[in-house]
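Fold and geometry: a report
One-letter residues, chain by chain:
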Amino acid sequence: MMVDDEPLIRKAVKFEMNERGAEIERHVSDDGATEMRRVEMVDTFASGPSLLASLETLEAPDYLLVDMEFQGEPTGGLMITRRVHERYPSVKIIIFSGRFDNPLPSEERRPQRINEIGRVVMEALRLGASAFVSKNAAGGFSIENIIRAIACLERGEHFFFNYPVMLTMKEAAERYFSLTGANSLGVELSETERSLLLLEAAGCTASEISNRLGEGEKAIQERQKDLSRRLDIVNKSASRVAKAISLGLISPADVDFLPRG
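Residues numbered from 1 in each chain as written. Predicted model: local features only at pLDDT ≥ 70, side-chain atom pairs only at ≥ 80, totals over all residues. Heavy atoms only, no water.

So, on to the nonpolar core. Of all hydrophobic cores here, the largest spans 28 residues; its most connected members are Leu51, Val84, Ile95, Phe100 and Phe132. Of all the secondary structure elements, the ones that give two or more residues to this core are helix H2 (48–55), strand S5 (63–66), helix H3 (76–87), strand S6 (92–96), helix H4 (110–127), strand S7 (129–133) and helix H6 (163–182). Of the residues forming this core, the biggest block, six residues, is contributed by H4. Residues within four places of Leu51 in sequence aside, it is in contact with Met1, Val3, Phe45, Leu64, Ile80 and Val84. Counting 22 residues, the second largest nonpolar core, distinct from the first, contains Tyr63, Leu65, Ile150 and Cys152. (Core = buried A, V, L, I, M, F, W, Y, C linked by side-chain atoms within 4.5 Å. Buried < 20%, exposed > 50% of the residue type's maximum accessible area, 1.4 Å probe, protein only. Helix = DSSP H or I, 4+ residues; strand = E, 2+ residues; numbered from the N terminus. Contact = heavy atoms within 4.5 Å.)

Right, dumping it as structure tokens:
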């Protein structure tokens, strides 16, 4: 099955897929026995809700192609990926999108785009995606890339990335490890220091941190100065938090932000 808000894409992929009539070999036992399975697109949907409503009465497919952008929402496919994986964990989800291709060298904010793409791809994997296929193959989307992804997953491989997406992920990984490795100062944090930084990131003042950690405000301020010295930055909470994140000492995902008011 496929979910994509572009009607021409849905029609073209379904037609090409079923015209191809590809057969893929799958291992069915430990003694090497195999069987051939024919790939068929049985239905397409324009939105996540229409797909999920239909799956309540239809048999779930082996594979689902999911577009990433829906009605202008760049990561709308993440919601579909999460809901399908939660309700139908046997369905293998293939993200079918051009949003993850390696940005051109001339593209504005290219380093930021690489980082953003890397984060979305990792989030999609966490939510249940198994493969990523670009829509931007030479001359348009390539059905062969979708077939190749299915063949890899049928062989028992856990993940598949076709070439344009792999280039982006390679660069995103290199950027991450150069950021957390080459700039490392060899700093190690105690649990109290890590808690202090996370509370600073959440927006707590020294007085509030003192109350939460059970240490005097003066002692907290001394800890903050010491962290600034060890991180080799000026004594500002924003600098401490940014440097700790860049060195991989704390993660934004662990920050429990304070509500306004």
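On the basis of which strands lie adjacent, the open sheet formed by six strands has the order S4-S1-S5-S6-S7-S8 and parallel pairing. Each edge of the open sheet is held by one strand with a lone partner, namely strand S4 (44–45) and strand S8 (160–161). Alignment of strand S1 (residues 2–3) against S4, held across two bridges, turns out to be parallel. The partner of Met2 across the bridge, within S4, is Thr44. (Pairing = 2+ DSSP bridges.)

Within S6, four of the five residues are buried, leaving the element largely enclosed by the surrounding structure. Here four bridges tie S5 to S6, and the two strands are oriented parallel to one another. In the strand pairing of S6, Leu65 is matched with Ile94. Between the parallel pair S5 and S6, the chain is carried across by H3, and the sense of this crossover is right-handed. In this sheet, S7 lies alongside S6 in parallel orientation, the contact comprising four bridges. What sits directly across from Ile93, in S7, is Ala129. Handedness of the β-α-β unit built from S6, H4 and S7 comes out right-handed. (Right-handed = clockwise from strand over helix to strand, strands pointing away.)

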